[in-house]
Structures are given as C-alpha cells and as structure tokens.
Amino acid sequence: MSKYLAMKVLKFGGTSVGSVESIRNVKNILASREGKKVLVLSAMAGVTNKLVEITENIKLGDHSAINSIIAELKQKHESTIDELIDKPGLNSYAKAFVNNVLEGLQEISRNKYSEKVYAEVVTTGETMLTYIFSTFLTNSGIQNNFLDAKDFMQVSNLENPDTDLVGKLFQQNIENLEPTDIYITQGFVRINAQNNISTLKRGGSDYSATILAAAVQADEVQIWTDIDGFHNNDPRYVENTHAIAELSFEEAAELAYFGAKILHPQTISPVIKRQIPLFLKNTFTPDLPGTKISAEIHSRGLKAISAKDGITAIKIKSNRMLMAHGFLKKIFEVFDKYETAIDMITTSEIAISLTIDDDRNLDVILEELNAYGEITVEKDHSIICIVGEGLIEDKSTSRLFELLNDIPVRMISYGGSDNNISLLVDTKNKIQTLQGLNHKLFEEQQVPQFV
Ligand code: ADP
Ligand code: ASP
Ligand code: MG
C-alpha cells in the first residue's frame, strides 16, 4: 500500500471538460502539478442529460429521437477531437473509439428498458470523454494510462463502498502497465452487487473520486469545478455568497447530504475514514485558494446554509402515544423494514412528524402506519440546513427565528447536534427562506450577545 502514498486524485466535472478551451485548461492544471495523479473525469457538460433523454426514448420506443441524439453526440465529440488532436493517427484512433461507443449505444437502445440498460447508456459520456482526454495528452507528448473504471470500481453497497477491494483491483489493473504519473479514468460508473454496470447516481463522479482516494490511500483529493469553492449559501438562488476557506469533514458532509450541489451527497464519507483532505478548486481560476475540507477545525460558529428538495413529511397522530412507551419503536420499525431513512423528527405528546426523501415505498409504509394512528402526508417540501461547528452555542444564530414571522416553517430540528439546525419548508418557499436566512444570518449587523 505504501507505494500509493504520494498519489493525488483529481476530479474534473462536466463544465471543466465542457469545451475545447476548458479541456486545454485542465491540461495546463495537470502540467503545473507534480507527482502521481489519478484523474477522474465526468462527461462533457450536457452529455449525460442527452443520454438520459435516450433512455426515456427507449421507454417510448422512439428510435428516430434516439438516432438524432446519437448524431448530435457524434458531432460534438468528433469536433472536439478535431480541435484537440492534430496527429492523424491519434485523431483517427479517437474517432474510431467514439464511433464504436456510439454504435454500441445504438445497439443497446434496441433493448427493452431496464436499470442495466439505463446504466449502460448514461455512462457512455464518461467513456468517450476520458478516451479523448487521454489521447489529447498523448498528442501533446504527455504520457498517461487510460483505465476502464469498470475493471476496479466494484461498489456493491452504495452507502458503504468496500474501498479495500477497489484498491486491490486498482492495483491489479495498473501492475502490468507502463508506469506513468497520470492515470485517467471515468467517474460515475460502478459495478454493482449483481456484477452489472450501474452508476453512483447523478453527480456521482465526486463520489468516484473520494472512493478511489480512499482505495489508493491518496494524500489528497482535488475536486475541480466551475466555482471558486464551497459557498456559504446556494449561489443559484442567493446573491452575494462567498467561498469558505475551510470546512471540517462533518460540516461538509452535512451540507453535501442536505443538498449543496457542489458535492454529491455521499462524497465525504470515504475520505473521513482515512482523513484525506479534500480541496475544492475552480478550473477557470486555478490560482484562487478554493476550499479545504479536512479534520481540522479552524473556526466555530455559523458556516453555511444548504437546501435539499423532494422531501415528504409524514405526521402520525395518536392518543395511544400519551404516556406510552414503545410507540416510537413500532413507528421506526416500519421505516426500517422498507430501508427508508428518516432525516428529521419532531414529537409532541400525541403526534410525531418525520421526513423522508426516498418515497419509493411510501404506499406500503403508509399502509402499515395506518395501524398506529391518523396519518397526514405532505409532499414537495425542502429541508433547509444551517451548519457550523458549535453553531448552537453561537447566540446570534437565534436571529433566524425572526424569520418565522414571514415564512411558514413546517418543522424545526434544533439541538440534535451542536452543528446543525434544520428547517422544513414547502419547496415553493425555499428560495425566499434561503434569501431571508442569508440576510438575517450573514448580512445583518451582529447584535450584542448575552453572556
Ligand atoms: P460539476 O459539473 O463540476 O460537478 P456541479 O454543477 O455539480 O459541477 O457543481 C457546481 C455548482 O454547484 C456550482 O456552479 C453552483 O451553482 C452549485 N452550488 C450549489 N450550492 C453550492 C455551494 N454551497 N457552493 C458552491 N456551489 C454551489
Ligand atoms: N456525468 C454524470 C452526471 O451528469 C456524473 C457527474 O457529472 O458527476 O450526473
Ligand atoms: Mg457535480
């Protein structure tokens, strides 16, 4: 294992490889950094969405729509090859590779839709781009090895990947290759417990990078994207947000899990276990410091706010709860039986409210819960998550409660940990809540604190 110690894992997202100019930027970033690197790349920006469209057309049996998307993808990748790769032999290798992938796509599209077909289709964007990038480096005289992630990204359990196994398979894969400083592989794809191609879910290349980092015991992970680091609020909805210099693993894990799009929800867990620092950097302004996520805690108090959509709130009201014990256990057992995680909980004497984000088994869950009381279900909610080490001790955060005058909050979770306050709001009030909280917590003058 020690031979891996000097390795870094660098992941570049869709916009970082979305155009010829940005792909050239990525090459410059690599060239300016020494040492052994594993490069994890996404598909070119927009390509995975097009591939998802293909899967929808497979369901509909609309082959002319599929053909026109494939023609569009062919044009996009071939013109990228023509602009980046000028050596005729390499240019035609890269085109042959892409055409082979697209012909395969055509063939898969004739099958009946299944989860496997979905995964085979949507992961081809990564396959094409990584090969193009590897050939582009070769064309520029930079030695590198192209690796097929399906040979080592054996992830049976999405929540708890066996990184030792991935490390062993990775090692076997590179053993017989010409040693180089750069290994290039695809994000997003995995092999599941049934030995089929599957994905790490949308946005999963971040997770690929941290799984690999833990697997090869990298000394750091760099996630390169289109923004200068982790911002204190969602920049898509709130003005005047800013990058945070440092976050602890726990803070970042909480924010990613609760919707901060910059990181796939599960990104942090593999690097926490091995204490591997993660840096978020902007491909377009590589000299800016970005955000460092590590075990160190440099400052306490409020750091950032994020929001997670698609939340369903369930209320169970029952007089039997009064003074009774064992009631909550029975309720939780229902969720456990259907492997459905609960995110927020609040209770009163005669009711319990809780939230779930996975409503695939909602119908059966509700059927069983009916035995315990009167059930109310509210869909389309968002959890707003306010995060910072020791946040609860920071008296000024109580200003957030002033917001309750303006925005109907369905549930509040305060004190579950020192680091997090969560609010549940109707998704139609999400943006207003994020903006209101930004104003109250980050922009208003600090009020004098009680001691
Ligand atoms: P990539 O394709 O590189 O994976 P993503 O689009 O998945 O990039 O993630 C980067 C985007 O995440 C940013 O452009 C920004 O709009 C969005 N985002 C949401 N919340 C945050 C946040 N708290 N900090 C930074 N970016 C955020
Ligand atoms: N290309 C995949 C997606 O768009 C994976 C990723 O970008 O992380 O979801
Ligand atoms: Mg992403």
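Residues numbered from 1 in each chain as written. Chains lettered and ligands numbered in written order. Predicted model: local features only at pLDDT ≥ 70, side-chain atom pairs only at ≥ 80, totals over all residues. Heavy atoms only, no water.

By the naming in an unreviewed UniProt entry, the protein chain is Aspartokinase, taken from Salegentibacter salegens. Of the comments in the UniProt record for the protein chain, the one headed Catalytic activity (unreviewed entry) reads "L-aspartate + ATP = 4-phospho-L-aspartate + ADP". (UniProt positions renumbered as here; feature names shortened; annotations may be inferred.)

1. A short note on the domain arrangement of the protein chain
In terms of domains, the protein chain is made up of domain 1 (8-225) and domain 2 (304-443). Its C-alpha centre places domain 1 at a distance of 37 Å from the equivalent point of domain 2. (Domains from an automatic or database assignment.)

2. Some remarks on the site of ligand 2
By nearness alone, every residue bordering ligand 2 is listed as Ser42, Thr48, Glu126, Phe188, Arg202, Gly203, Gly204 and Ser205. Between ligand 2 and Arg202, the relevant distance is 2.7 Å, taken from an oxygen atom to a side-chain nitrogen or oxygen of the residue. Residues belonging to the shell around ligand 2 are distributed by class as follows: one nonpolar, five polar and two charged. (Near = heavy atom within 4 Å. Polar contact = N/O pair within 3.5 Å; in protein donor to acceptor, adjacent residues only side chain to side chain. Nonpolar A, V, L, I, M, F, W, Y, C, P; charged D, E, K, R; others polar.)

3. Points about the UniProt feature "binding site: ATP" (unreviewed entry) in the protein chain
Under the feature "binding site: ATP" (unreviewed entry), the UniProt entry names Lys11, Phe12, Gly13, Gly14, Thr225, Asp226 and Arg236. Mapped onto the elements, Lys11 comes out in strand S1 (residues 8-12). When its relative accessible area of 7% is taken as the criterion, Lys11 is described as buried. Those residues within four positions of Lys11 in sequence are excluded, and the remaining contacts are Val40, Ser42, Ser205, Asp206, Ala209, Gln222, Ile223 and Trp224. Polar side-chain contacts of Lys11 include one of 2.6 Å to the side chain of Asp206. Locating Thr225 in the fold gives a position in strand S7 (residues 220-225). (Helix = DSSP H or I, 4+ residues; strand = E, 2+ residues; numbered from the N terminus. Buried < 20%, exposed > 50% of the residue type's maximum accessible area, 1.4 Å probe, protein only. Contact = heavy atoms within 4.5 Å.)

4. So, the side chain of Thr267
Inspection of the secondary structure assignment puts Thr267 in the loop between helix H9 (249-257) and helix H10 (268-274). One polar contact links the side chain of Thr267 to the main-chain carbonyl oxygen of His264, over a distance of 2.6 Å. The contacts of Thr267, once residues within four sequence positions are left out, are Asp206, Tyr207, Thr210, Ile223 and Leu278.

5. With respect to the site of ligand 1
Near ligand 1, the surroundings consist of 15 residues, among which Lys11, Thr225, Asp226, His231 and Lys261 are the closest. Taking Thr225, its side chain carries an N or O atom lying 2.7 Å from an oxygen atom of ligand 1. Separating a nitrogen atom of ligand 1 from a backbone N or O atom of His231 is a distance of 2.8 Å. Within the complex, 86% of the 580 Å² of free accessible area of ligand 1 lies under protein. (Areas by Shrake-Rupley, 256 points an atom, 1.4 Å probe, with all protein chains shown as cover.)

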